[in-house]
Amino acid sequence: MTSLNKMPDIVLSAIIENLDFRSLMILRKTCHDIRNFIDDSIPASSITEIQLNVNPEQVVLEFMYSESVSQEKLYSLCGQEAFDLLWKDFEIILKHQKLILKSFSVTLEYKNGLNKLEASVRERVNLRFMSQLKALLEPRKRPLQVEKLDLIMGEQEKIMCVLPYIDADKINEIMIYPGPKRETVVFPLDKVVETEQWKNAKKLATSNFVVVEPIEKFTHFDNCRIFMDTISVEMIQKLKENLLFSKTLKSFELNHRPHYQSPELTHIFRTVFDGSFQDDIYEDSWFSRIPGDNEHALVIRSCYYSWITFSRREWFMIKPNYERFN
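Please read these numbers as outputs of a predicted model, since none were measured by experiment. (Residues numbered from 1 in each chain as written. Predicted model: local features only at pLDDT ≥ 70, side-chain atom pairs only at ≥ 80, totals over all residues. Heavy atoms only, no water.)

Can you walk me through the overall build of the chain in this structure?
For the chain, the count of helices and strands is nine helices and 16 strands. In the chain, which comprises 326 residues, the share counted as buried stands at 47%. Contacts in the chain between residues at least 24 apart in sequence constitute 59% of all its contacts with a sequence separation of at least 6. Element-wise, carbon and sulfur atoms account for 50% of the exposed surface of the chain, whose accessible area totals about 17,000 Å². (Helix = DSSP H or I, 4+ residues; strand = E, 2+ residues; numbered from the N terminus. Buried < 20%, exposed > 50% of the residue type's maximum accessible area, 1.4 Å probe, protein only. Contact = heavy atoms within 4.5 Å. Areas by Shrake-Rupley, 256 points an atom, 1.4 Å probe, with all protein chains shown as cover.)

Structure, rendered in structure tokens:
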């Protein structure tokens, strides 16, 4: 029987095309000739999702195939050899990744209550990991194609090791979460909001941190969820002006102070909006008519836990039970 490495290239190519990525990686380790053939031909992998989870002891690399089969690999961070093996394997995965990833997630695990030494070790591991990830993504001729990008990490500089090297034409959704900190923190995003990836994405989810950038940096999203320290008449007016003519707006959620039942908040909404209406779900709801559109209105609704939500709503659902302000 002819061994694989003696078979004609056309036969080897046919075999490789029928293997899933896990089997391909196993085959690649059988001999140098097979490995070189696979690396030269670069067959496409069937991976649809990739997750990288980092803590000071290890990195967990998990990927899911299109047939809903997942694989997980653990790499110890105790020695350079294991660290190098992680990046060698990940480089191979990215080299063969031709499909658009449905999801790419990078998590720098966060723990409360660490002492100074533990926190310092964790930070060194995280910086080392993110620097290496940037070094792998930045030189790619074709940016990594990702639909949904999840970044669970605590500083803008770490986000900038990944976000600018994602294909700006393919990204649809961004999620940013700094970890389960005890208190909501201020998280500058001044560099992030200027990237093409940010400007092209349609959905944004954030949690556990306050944004300080101008509200206009967020209004292009069809779906958006952010935390603001305070709101004012001027800010709500500006937000209304930006969202009023957005035909693709689905939901713009804003966590805020003051409290949702405060007279100050009611004053803001009565100042900015045309009227109020009754809603079966939300306690307080206001609206503004959209110039030139007789079928829809821009609606803002206030609810528990200090969330307000902007959305478009059909006018016939508001008309029977509204009160117009003078």
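Explanation requested: the nonpolar core in the structure shown.
Soluble globular proteins tend to bury their nonpolar side chains together. Formed by 76 residues in total, the largest nonpolar core has its most connected members in Phe 104, Phe 129 and Ile 236. The residues touching Ile 236, leaving out its near neighbours within four places in the chain, are Ile 231, Leu 254, Ile 268, Phe 269, Val 272, Phe 273, Ile 308 and Phe 310. (Core = buried A, V, L, I, M, F, W, Y, C linked by side-chain atoms within 4.5 Å.)

I keep staring at helix 9 (residues 263-272) and nothing clicks. Help me out?
Helical periodicity: at 3.6 residues per turn, an α-helix aligns residues three or four positions apart in one direction. Along helix 9, the positions that sit buried rather than exposed are Leu 265, Ile 268, Phe 269 and Val 272. Angular distribution of buried residues about the axis of helix 9 spans 90°; they occupy a single face of the element. Considering only its buried residues, helix 9 is in contact with helix 8 (233-243), strand 13 (284-290), strand 14 (293-303) and strand 15 (307-314). (Arc of directions from axis to C-beta.)

How should I be thinking about the pairing of strand 8 (residues 203-206) in this particular structure?
Of the two faces of strand 8, only one is covered, namely that formed by Leu 204 and Thr 206; the face formed by Lys 203 and Ala 205 stays uncovered. Pairing of strand 6 (residues 173-177) with strand 8 involves four bridges; the strand directions are parallel. Following the sheet pairing, Ile 174 is matched in strand 8 by Leu 204. Bridge count between strand 8 and strand 10 (residues 223-227): three bridges; the pairing is parallel. Within strand 10, the residue paired with Ala 205 across the bridge is Arg 225. (Pairing = 2+ DSSP bridges.)

What is the right way to read the packing of aromatic side chains from this model?
Each aromatic ring pair is summarised here by two numbers: the centre-to-centre distance and the angle between the ring planes. Enumeration according to the criterion identifies 14 aromatic pairs in this entry. An angle of 85° between the planes, with centres 6.5 Å apart, marks the rings of Phe 252 and Phe 310 as edge-to-face. Taken together, the positions of Phe 252 in strand 11 (residues 251-255) and Phe 310 in strand 15 put the pair 58 residues apart, joining distant regions of the chain. Put simply, the rings of Phe 83, Trp 87, Phe 90, Phe 104 and Phe 129 pair up and form one aromatic cluster. Over the aromatic face of Phe 83 sits the side chain of Arg 128, whose NZ or CZ is 3.7 Å from the ring centroid. Stacked on the ring of Trp 307, the Lys or Arg Arg 225 has its end atom at 4.0 Å from the ring centre. (Phe/Tyr/Trp six-rings, centres within 6.5 Å; stacked < 30°, edge-to-face > 60°. Lys NZ or Arg CZ within 6 Å of the ring centre and 35° of its normal.)

How should the side chain of Gln 145 be read in this particular structure?
Mapped onto the elements of the fold, Gln 145 is located in the loop between helix 5 (116-137) and strand 5 (146-152). Classification of Gln 145 by relative accessible area gives buried; the value is 7%. At 3.2 Å, the side chain of Gln 145 forms a polar contact with the side chain of Arg 142. (Polar contact = N/O pair within 3.5 Å; in protein donor to acceptor, adjacent residues only side chain to side chain.)

In this structure, what is going on with the packing of helix 8 against helix 9? I would like to understand it.
Helices that pack against each other are described as a pair by the angle of their axes relative to one another and the distance between those axes. Contact geometry for helix 8 and helix 9: axes closest at 9 Å, N-to-C directions at 45°. Regarding the angle of helix 8 to helix 9, the classification is oblique. Handedness of the crossing formed by helix 8 with helix 9: right-handed. Contacts from Val 233, Ile 236, Gln 237 and Lys 240 in helix 8 reach Ile 268, Phe 269, Thr 271 and Val 272 in helix 9. Class assignment for the residues of the contact of helix 8 with helix 9 results in five nonpolar, two polar and one charged. (Axes fitted to C-alpha atoms, helices over the stretch in contact; angles between N-to-C directions. Parallel < 35°, antiparallel > 145°, perpendicular 65-115°, else oblique. Left-handed = near helix turned anticlockwise from the far one by under 90°. Nonpolar A, V, L, I, M, F, W, Y, C, P; charged D, E, K, R; others polar.)

Would you explain the environment of Asn 223 in this entry?
Inspection of the secondary structure puts Asn 223 in strand 10. The contacts of Asn 223, once residues within four sequence positions are left out, are Lys 202, Lys 203, Leu 204, Lys 250 and Ser 251.

Before we go on, may I ask you to explain the confidence of the model for the chain in this structure?
When pLDDT is low, close inspection of the predicted coordinates is not appropriate. On average, residues of the chain score 84 in pLDDT, and 83% of them reach the 70 mark or higher. Per-element mean pLDDT across the chain ranges from 67 in helix 1 (residues 9-17) up to 98 in helix 7 (residues 196-200). (pLDDT = per-residue confidence, 0-100.)

How do you make sense of unusual backbone geometry when you look at a structure like this?
In terms of backbone geometry, most residues other than glycine have negative phi values and most peptide bonds are trans. Phi at Asn 208 is positive, roughly 70°, even though this residue is not glycine. As for its position among the elements, Asn 208 is in the loop between strand 8 and strand 9 (209-210).

How should I be thinking about the pattern of salt bridges in this particular structure?
Side chains that differ in sign of charge can pair as their charged atoms come close. Taken as a whole and judged by the stated rule, the model has twelve salt bridges. Close ionic contact of Lys 203 with Glu 173 constitutes a salt bridge, the shortest N to O distance being 4.0 Å. Placement of the pair is Lys 203 in strand 8 and Glu 173 in strand 6, with a sequence separation of 30 residues. With a relative accessible area of 15%, Glu 173 lands in the buried category. (Salt bridge = Lys/Arg side-chain N within 4 Å of Asp/Glu carboxyl O.)

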